[in-house]
Amino acid sequence: MARKFQLEIAAMAHTQSLSLLPRNGHSVPFVELRQSLSSRVAAISPFIDQLMRFVLHFRSADGSEIDIEMALREALANAVIHGNGDGSCKGVDVTCRCYMDGEVSVTVRDQGRGFDSNAVLDPTLLENLLFTHGRGIYLMKTLMDEVSFEEGGSVVRMRKNANFGPSPG
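Residues numbered from 1 in each chain as written. Predicted model: local features only at pLDDT ≥ 70, side-chain atom pairs only at ≥ 80, totals over all residues. Heavy atoms only, no water.

Visitor: What am I meant to see in helix 2 (residues 44-58) here?
Guide: An α-helical turn contains 3.6 residues, so a residue and the one three or four places further along point in the same direction. Between its first and last C-alpha atoms helix 2 spans 22 Å; for 15 residues at 1.5 Å apiece the expected length is 21 Å, and the two agree. Where helix 2 is concerned, the buried positions are Ile44, Phe47, Ile48, Leu51, Met52, Phe54, Val55 and Phe58. Summarising the axial view, the buried residues of helix 2 lie within an arc of 160°, below the 170-degree limit, and thus occupy one face. (Helix = DSSP H or I, 4+ residues; strand = E, 2+ residues; numbered from the N terminus. Expected span 1.5 Å × (residues − 1). Buried < 20%, exposed > 50% of the residue type's maximum accessible area, 1.4 Å probe, protein only. Arc of directions from axis to C-beta.)

Below, the structure written as structure tokens:
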């Protein structure tokens, strides 16, 4: 299994970089994976499958990986469909940091004009229940421990807390 994972990482090396660096202000190192994918809905699922294998190499499976996968799926769908307007000539950049204590940080950047995240209506309010948009952001914020929108909304940063401590010695 570890060999297969190493081969996957090696195969992705032309579009990604791996780093083992200390976290600012913390002693827990992380591995960072960067990849650009074409702005096509069909590219989302294969990318997520690959990224979740990477995440589970550094995070113990405790059920929270489903939360990370769903939030990532929503962020990528928003980037492709809303951010880039489903324009396959555009790209989506993803950076995933997996800390050795199980914390996961994901940044998704599209090439769109962005949006005002404060203007997105709360889909749980009675008057908004029938709206067809806005649930993805709600899901990301519900499933992840931190979610922020930057650069006018064209960048989303998500973080899931650690789920185990660093291995002893």
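Visitor: Explain a nonpolar patch on the surface to me, please; I cannot follow it from the model alone.
Guide: The grouping of Leu126, Leu129 and Leu130 at the surface amounts to a nonpolar patch, some 390 Å² of accessible area in total. Along the polypeptide, Leu130 turns up in the loop between strand 4 (104-109) and helix 4 (135-143). Of the residues examined, Leu130 reaches a relative accessible area of 80% and is grouped as exposed. (Patch = residues over 30% accessible without salt bridge, like charges linked within 9 Å, V, L, I, M, F, W, Y side chains within 5 Å. Areas by Shrake-Rupley, 256 points an atom, 1.4 Å probe, with all protein chains shown as cover. Salt bridge = Lys/Arg side-chain N within 4 Å of Asp/Glu carboxyl O.)

Visitor: What am I meant to see in the pattern of salt bridges here?
Guide: Where charged atoms from two side chains of opposite charge approach closely, those side chains can pair. Scanning all chains against the criterion turns up eight salt bridges. Measuring nitrogen to oxygen at the nearest pair gives 2.6 Å for the salt bridge that ties Arg34 to Glu32. Overall, the relative accessible area of 2% leaves Glu32 in the buried class. Ionic pairing is found between Lys160 and Asp67, a salt bridge with its closest N-O pair at 3.3 Å. You can see Lys160 sitting in strand 6 (residues 155-160) and its partner Asp67 sitting in helix 3 (residues 64-83), a full 93 residues away along the chain. Among the residues examined, Lys160 registers a relative accessible area of 8% and is labelled buried. Beyond isolated ion pairs, a larger network of salt bridges with shared partners links Glu32, Arg34 and Arg97.

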